[in-house]
Amino acid sequence: MAGSRDLDRIHGHRARIGYTVAAVTTEVYPIDWYRIVPHGVSLMMITLPLGERSKEDLEKCYRISIDAARTMAKAGADLVVLGGLPINISKGDGTVEDLMAGLSREIGVPVSSSAAAQVAAFKALGARKVVTVHPFLPDQNPRHERTIASFFGLEPAGVYAGGSNLVELGTLPPARALEWGRAAMKANPGADTLYFGCPHWTVIDAIAPLEAEFGIGVMTSLQAIAWHSMRLAGVDDRVPGFGRLLSEH
Amino acid sequence: MIRGDKYGYRARIGYTSPPLTSEVFPYEFYKLAPDGVTLVITTLAITVRSAAEVDQSYDISMKAAEQMAEAGCDAIVLGGVPINLAKGAANAAQIIKDLEQKLGIPVATSASAQKEAFARLGCRKLVVAHPYKDDDNHRFDDYAQKFGASVLGTRAWGSAFNRIGAIPDDAALKMARELMKAHPDADTIMFPSPHWPVINAIEPLEKEFGVTVMSSIQAILWQAFRLAGIKDSLSGYGRLFKDF
């Protein structure tokens, strides 16, 4: 709630972060975003028509993301983050940095991506051997395993599929991430990092308990994006309660 | 203790948000909504409110409503009065009926929510403070007439459509005070558009001038909550949420 001292300020008086949401509807992302970020850091978002991640879907979302970045810059965003790892890397693993640099030059605002945020977060946590938990069906496991190895350059230690789908993501209770994280660590005890993919399900309450229980680093897509966005926008607050990444880096 | 239930354990509200990017709406939604009530949002295509963007947004709204119902939303509000009324008021009313029948959940539009709020609050003589430029003033005269009220005076903050997220928190308060000074006979202060910061102005203005404040975001959320079975009397955000 804004206090009287904030009345002459805008909502995003510390930083306004543009973000392209890789989903037709979004529910969890803004809730968890505002639980993490300090007062005065706002989220400017656009939802993308991502369906079943077909090639056509990804290309369409890629094009809309670029247009949205231009719109966000005109609207006054301090930073634009392109969401959706599959969209970010749809033109190939090595193309993301060129995309961000070119777009940033064009729109005059720093541009990053959820992919870059997660690279930076894995590095900050010193991740080497990563077990992945995602909420979707097991048919997505190979894609996650490939991404950990080929895009992030880390050792995949296992993948756990929650068995849900895009439509049901908003109905997953926070306890589910804790259960799935425990199951993944039990099956893959050699991992040094537990990674929760996809920022559109409720994960952030599981981070600190799992770090404490297993003595590992826990990195989630949303946590990494919020952390990376804040740091790039000059918001250096250490945020307690959502893992080492936000409290120590 | 980690929660065993979903975030939206009381109600999940679907909303199609007209601007291409959304910033203020979700922020104010969560200031106002009780715990357990969540927002499921789809952004539409409006950047300058052209006819082509309005048509495109209308089409996206229809598809998004289906996806929101499939995702389990308890009620849906189709945002954007210009989009709602793009094919006429009769069509807007018919769409609500057709979608409710097809999707099996309550549906409203921003226009229907505001009309209902106007009627409940008994708004007759309005002053209107809006975020846009002066050349938009006439739109709100038209809306007021549709909602059965008349406009005594209007103030425009002067923002371009794509810059309304950068309007300071006290803009609504300042414009409303100027309007009430110029038009003390007004019974209602209206804040159209749910995409600029207004909710912190509602309660102070109702107390200061003894009038009703009716804002788009307040009407949309009030209608959505009530349709989804959330009947809580909420304090701090005006008569509409407290008394109706």
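Please refer to the structure placed before this passage.
The text that follows walks through the structure, step by step, so that each part is easy to find. All of these numbers come straight from a predicted model, not from anything done at the bench. (Residues numbered from 1 in each chain as written. Chains lettered and ligands numbered in written order. Predicted model: local features only at pLDDT ≥ 70, side-chain atom pairs only at ≥ 80, totals over all residues.)

### Details of the packing of helix H5 (residues 114-125) of chain A against helix H9 (residues 221-232) of chain A
All names here are of chain A.
- Interaxial distance between H5 and H9 falls to 8 Å at its minimum, and their mutual angle equals 90°. On the basis of their axis angle, the class for H5 and H9 is roughly perpendicular. Contact with H5, carried on its side by Ser-114, Ala-117, Gln-118, Ala-120 and Ala-121, involves Ser-221, Ala-224, Ile-225, Trp-227 and His-228 of H9 and no other residues of that element.
- For the contact of H5 with H9, a count of residues per class yields six nonpolar, four polar and no charged. (Axes fitted to C-alpha atoms, helices over the stretch in contact; angles between N-to-C directions. Helix = DSSP H or I, 4+ residues; strand = E, 2+ residues; numbered from the N terminus. Parallel < 35°, antiparallel > 145°, perpendicular 65-115°, else oblique. Contact = placed C-beta atoms within 7 Å. Nonpolar A, V, L, I, M, F, W, Y, C, P; charged D, E, K, R; others polar.)

### A word on the nonpolar core
- One finds Ile-17 and Leu-194 of chain A together with Ala-176, Ile-189 and Ala-224 of chain B to be the most contacted residues of the largest nonpolar core, which totals 165 residues.
- When residues of this core are assigned to their parent elements, the largest contribution, eight residues, is made by helix H9 (residues 216-227) of chain B.
- Contacts of Ala-224 of chain B, omitting those with residues within four sequence positions, involve Ile-13, Ala-75, Val-77 and Ala-108 of chain B. (Core = buried A, V, L, I, M, F, W, Y, C linked by C-beta atoms within 7 Å. Buried ≥ 20, exposed ≤ 12 C-beta atoms within 10 Å, placed from the backbone.)

### Here's the deal with helix H7 (residues 174-187) of chain A
Residue and element names in this part refer to chain A.
- Taking 1.5 Å per residue as the helical rise, H7 with its 14 residues ought to reach 20 Å, and the 21 Å between its terminal C-alpha atoms agrees with that figure.
- Among all positions in H7, only Pro-174, Arg-176, Ala-177, Trp-180, Gly-181, Ala-184 and Met-185 are buried. Angularly, the buried residues of H7 cover 155° about the axis, an arc narrow enough to put them on a single face.
- The elements touched by buried residues of H7 are strand S5 (129-134), strand S6 (155-161), strand S7 (193-196) and helix H8 (204-214). (Expected span 1.5 Å × (residues − 1). Arc of directions from axis to C-beta.)

### Observations concerning the environment of Thr-147 of chain A
All names here are of chain A.
- Mapped onto the secondary structure, Thr-147 falls in helix H6 (residues 141-151).
- In the structure, Thr-147 is positioned 72 residues away from Ala-75 in sequence and 33 Å away in space, judged by C-alpha atoms.
- Residues in contact with Thr-147, not counting those within four places in the same chain, are Leu-85 and Phe-152.

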